Amino acid sequence: TSDTKQAPASLGAGNRLERIIGTVTHRVLELAAREEAPSSAEDSRVQTWIEHNLSQYALTPQLAEQAQIRVSELIDRALSCEIGRWILEAQIDAEAEFALSTIEQGEVKTYVIDRTFLDDREGVRWVIDYKTSQPLEGESLSAFCAREQDAYQGQLHNYAELLRNMDWGRDAPIKSAIYFPAIQYLSVCE
């Protein structure tokens, strides 16, 4: 899922660009998780992924360049971060952009989990949601994480419940977290 909660929502062109940046960042992180993760955003595969995904949107050359630069920065931060590499590396039961459907009140609902895997070292199944947001100017990390967790706690709880109801062949406690590549930070939900 993409995220545009960097600032109070505005419905202008900047908000659209942030949504596109979030969507393309998610797609490139998905591709990096499915293949042997590149070492940086300078990798030709990463640049091709970014360019191809941005080409799906009607952006002016100036906005396309801004988006390319921002997505490259976010991907580079994820790839140069120990936590980001851990999230993207090959793991047990690893899934990227994992679509699950369930019936709620007689309707089929589909949810997409950005990243899930079993961390064999900790014996924990992780549910990780990517968000491209970052703290507002002057906002502390703890206030930012509290705000983001408050906004997405229900979604992450829902994802964890969906995974809990699946037969993975191995029981493990589930932890949910939000990964912010912009600040290279994993905010674990309690």
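This text follows the structure it describes.
This section reports on the structure supplied with the text. These numbers come from a predicted model, not from an experiment.

A word on the overall build of the chain
On a plain count of helices and strands, the chain comes out with 5 helices and 5 strands. Reading the chain from its N terminus to its C terminus gives the helix and strand order α-α-α-α-β-β-β-α-β-β. When burial is assessed residue by residue, the chain has 44% of its 190 residues classed as buried. Within the structure as shown, the chain displays about 9,900 Å² of accessible surface, and the carbon and sulfur contribution to it stands at 48%. Side chains of the chain give 18 positive and 31 negative charges; the mean places of these two sets differ by 2 Å.

A few points about the packing of aromatic side chains
According to the stated counting rule, one finds 5 aromatic pairs in the structure shown. Ring centres 5.1 Å apart and planes at 85° place the aromatic pair W86 and F117 in the edge-to-face group. A residue pair is termed long-range when its members are at least 10 positions apart, and W86 in helix α4 (residues 82-88) and F117 in strand β2 (residues 107-119) qualify at 31 residues. Each member of the pair W86 and F117 is classed as buried. Overall, W86 belongs to the buried group, its relative accessible area being 13%.

Remarks on helix α5 (residues 141-164)
With 24 residues, α5 extends just 30 Å between its outermost C-alpha atoms, more than 12% less than the 34 Å of an ideal straight helix rising 1.5 Å per residue. The largest bend in α5 comes to about 55°, at Y152. Of all the residues in α5, the buried ones are F144, C145, E148, Q149, Y152, L156, Y159, A160, L162 and L163. For α5, the secondary structure elements touched by its buried residues are β1 (92-104), β2, β3 (124-130), β4 (174-180) and β5 (185-188).

Description of the nonpolar core
Within the largest apolar cluster, 36 residues are counted, with the highest numbers of intra-cluster contacts made by V46, I75, W126, I128, Y179 and L186. Mapped onto this core, the elements with two or more residues apiece are α1 (13-34), α2 (44-54), α3 (61-79), α4, β3 and β4. Residue contributions to this core peak at 9 residues, all from α1. Beyond its immediate stretch of four places on either side in the chain, I128 contacts W86, I87, D114, R115, F117, A177, Y179 and L186. Ranked by size, the runner-up nonpolar core spans 18 residues in total, among them F98, I113, F144 and L156.

Brief notes about the sheet that holds β5
On the basis of which strands lie adjacent, the open sheet formed by 5 strands has the order β1-β2-β3-β4-β5 and mixed pairing. Of all the strands in the sheet, the pair left with one neighbour each is β1 and β5. In this sheet, adjacent strand axes meet at a mean angle of 35° when their direction is disregarded. Pairing analysis gives 6 bridges linking β3 to β4, with the strands arranged parallel. Bridge pairing links I128 to A177 in β4.

Procedures and definitions
- Residues numbered from 1 in each chain as written.
- Predicted model: local features only at pLDDT ≥ 70, side-chain atom pairs only at ≥ 80, totals over all residues.
- Heavy atoms only, no water.
- Helix = DSSP H or I, 4+ residues; strand = E, 2+ residues; numbered from the N terminus.
- Buried < 20%, exposed > 50% of the residue type's maximum accessible area, 1.4 Å probe, protein only.
- Areas by Shrake-Rupley, 256 points an atom, 1.4 Å probe, with all protein chains shown as cover.
- Lys, Arg positive; Asp, Glu negative; His and termini not counted.
- Charge placed at Lys NZ, Arg CZ, Asp CG, Glu CD.
- Phe/Tyr/Trp six-rings, centres within 6.5 Å; stacked < 30°, edge-to-face > 60°.
- Expected span 1.5 Å × (residues − 1).
- Bend = angle between axes of the 7 residues up to and from the residue.
- Contact = heavy atoms within 4.5 Å.
- Core = buried A, V, L, I, M, F, W, Y, C linked by side-chain atoms within 4.5 Å.
- Pairing = 2+ DSSP bridges.
- Axes fitted to C-alpha atoms, helices over the stretch in contact; angles between N-to-C directions.

All we've got here are geometric facts, nothing functional implied.
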